[in-house]
Amino acid sequence: EAGVAQSPRYKIIEKRQSVAFWCNPISGHATLYWYQQILGQGPKLLIQFQNNGVVDDSQLPKDRFSAERLKGVDSTLKIQPAKLEDSAVYLCASSLASGTGGYFSYNEQFFGPGTRLTVL
Amino acid sequence: DQQVKQNSPSLSVQEGRISILNCDYTNSMFDYFLWYKKYPAEGPTFLISISSIKDKNEDGRFTVFLNKSAKHLSLHIVPSQPGDSAVYFCAAIPGTASKLTFGTGTRLQVTL
C-alpha cells in the first residue's frame, strides 16, 4: 500500500514570496491533516479536512495560509506571503474517516515525509 | 500553552538496557494517548497507544504506562536496540476527536 506522498521535499524562498505544498493521501482515507513542525517542537495541527470539507482550521493563520482539498483527495497548502517564522517542516497525514466507531475509537494517522521550508 | 510536555529533550541508553521516556499532560479532557517515533527526513510513525480506561499496554518490547491521577505517561523499551534511536513524540486526544496534541519530543540514542 502506497503511503502519503508530499512534494516538494525541500523548498527555500525569500520572505514575502509565495509557496505551495502538495499532498496525496493514502487511497480511501477520507480525513486529511496538515501539520506544522517548527524545529525543536512537536507537530501542530493547522487544518483538518474530512473529504473536501474543513473540520478544524482553528490554528491556521488565515491571513497568510490557505488550504484546499478539491474532490476530497489531493490537497494543497499555500503560504502567501511567507515570513521568517514560517520556516518549518510541513507534514501531511491521512486517516480513515474520523468520528467513526465508538468511544476510544481512534483511526491511526499516517504521515508523509514532510516538506522542509526555509524562509530567508 | 503546552498541554503535552516532554521535559527530557534527549536520552542516551546502552544497547540491551531499558529506555524510559516520560510525558506529562495538563488537559484533563485527554483520554487517549499515543507514542510516535520519527526518524530523520521521515514523517512520524505510530508506535503504541493507551486509552484512559487502562493503566498499561504492551506490544513486544514496548510498554506504555498511564497514571491518570498524576497526568503522566511513560514509554518503556526493553531491551533497547540501536534501531530504536529516533525522536519519540507523545501525543494525546480527547474522546472521539481526532485532533492530536503533540509533545516536543525526546531524542533517544541507543549506544553499542
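For the structure, check the block above.
Here's a quick rundown of the structure. (Residues numbered from 1 in each chain as written. Chains lettered and ligands numbered in written order. Predicted model: local features only at pLDDT ≥ 70, side-chain atom pairs only at ≥ 80, totals over all residues. Heavy atoms only, no water.)

## Digging into the sheet that holds strand E8 (residues 75-79) of chain A
Residues and elements named next belong to chain A. One open sheet holds the four strands; their spatial order is E1-E3-E8-E7, and the pairing between them is antiparallel. Edge positions in the open sheet fall to strand E1 (5-7) and strand E7 (65-68), since each of these has one partner strand only. This sheet shows a mean twist of 15° between the axes of neighbouring strands, independent of strand direction. Where strand E3 (residues 19-24) lies against E8, five bridges are found, and the strand directions are antiparallel. Counted as the bridge partner of Cys23 is Ser75 from E8. (Pairing = 2+ DSSP bridges. Helix = DSSP H or I, 4+ residues; strand = E, 2+ residues; numbered from the N terminus. Axes fitted to C-alpha atoms, helices over the stretch in contact; angles between N-to-C directions.)

## As for the environment of B:Lys71
Residues and elements named next belong to chain B. Structurally, the position occupied by Lys71 is in the loop between strand E7 (62-67) and strand E8 (72-77). As for Lys71 and Ser28, which are separated by 43 residues in sequence, their C-alpha atoms are 7.8 Å apart. The contacts of Lys71, once residues within four sequence positions are left out, are Cys23, Asp24, Tyr25, Thr26 and Ser28. (Contact = heavy atoms within 4.5 Å.)

## Side note on the packing of aromatic side chains
Tallied over the entire structure, the rule returns twelve aromatic pairs over all chains. Ring plane angle 40° and centroid distance 4.6 Å describe the contact between B:Tyr25 and B:Phe33, whose orientation is recorded as tilted. Accessibility expressed as a relative area gives 5% for B:Tyr25, which makes it buried. Three or more aromatic residues joined by ring pairs make a cluster, and in this case those are A:Tyr33, A:Tyr35, A:Phe111, B:Tyr36, B:Phe46, B:Phe89 and B:Phe102. (Phe/Tyr/Trp six-rings, centres within 6.5 Å; stacked < 30°, edge-to-face > 60°. Buried < 20%, exposed > 50% of the residue type's maximum accessible area, 1.4 Å probe, protein only.)

## Here we look at the sheet that holds strand E3 (residues 19-25) of chain B
Residues and elements named next belong to chain B. Reading across the sheet, the five strands line up as E1-E3-E8-E7-E6 and stay open at both edges, with antiparallel pairing between neighbours. At either margin of the open sheet sits one strand with a lone partner, and together these are strand E1 (4-5) and strand E6 (56-59). Looking at chain direction, E7 and E8 are connected through six bridges and run antiparallel. When the sheet's bridge partners are listed, Leu66 is paired in E8 with Leu73.

## As for the state of the cysteines
Residue and element names in this part refer to chain A. The tally for this structure, following the rule as stated, stands at two disulfides over all chains. Between the sulfur atoms of Cys23 and its disulfide mate Cys92 the distance is 1.9 Å. An S-S torsion of about -70° defines the bridge between Cys23 and Cys92 as left-handed. Here Cys23 is found in strand E3, whereas its partner Cys92 is found in strand E9 (residues 88-95), with 69 residues between them in sequence. Exposure class is identical for Cys23 and Cys92. Each is buried. (Disulfide = S-S within 2.5 Å.)

## Notes on the interface of chain B and chain A
In this assembly, 23 residues from chain B lie in contact with 26 residues from chain A. The contact between chain B and chain A buries some 1,900 Å² in all, and 60% of this surface belongs to carbon and sulfur atoms. Linking chain B with chain A are one salt bridge. Two residues, B:Lys99 and A:Asp56, come together in a salt bridge whose shortest N-O distance is 3.7 Å. In terms of residues, the side of chain B that touches chain A owes the most to one element, strand E4 (residues 32-38) of chain B, which gives four residues. (Buried area = accessible area lost by both parts, 1.4 Å probe. Salt bridge = Lys/Arg side-chain N within 4 Å of Asp/Glu carboxyl O.)

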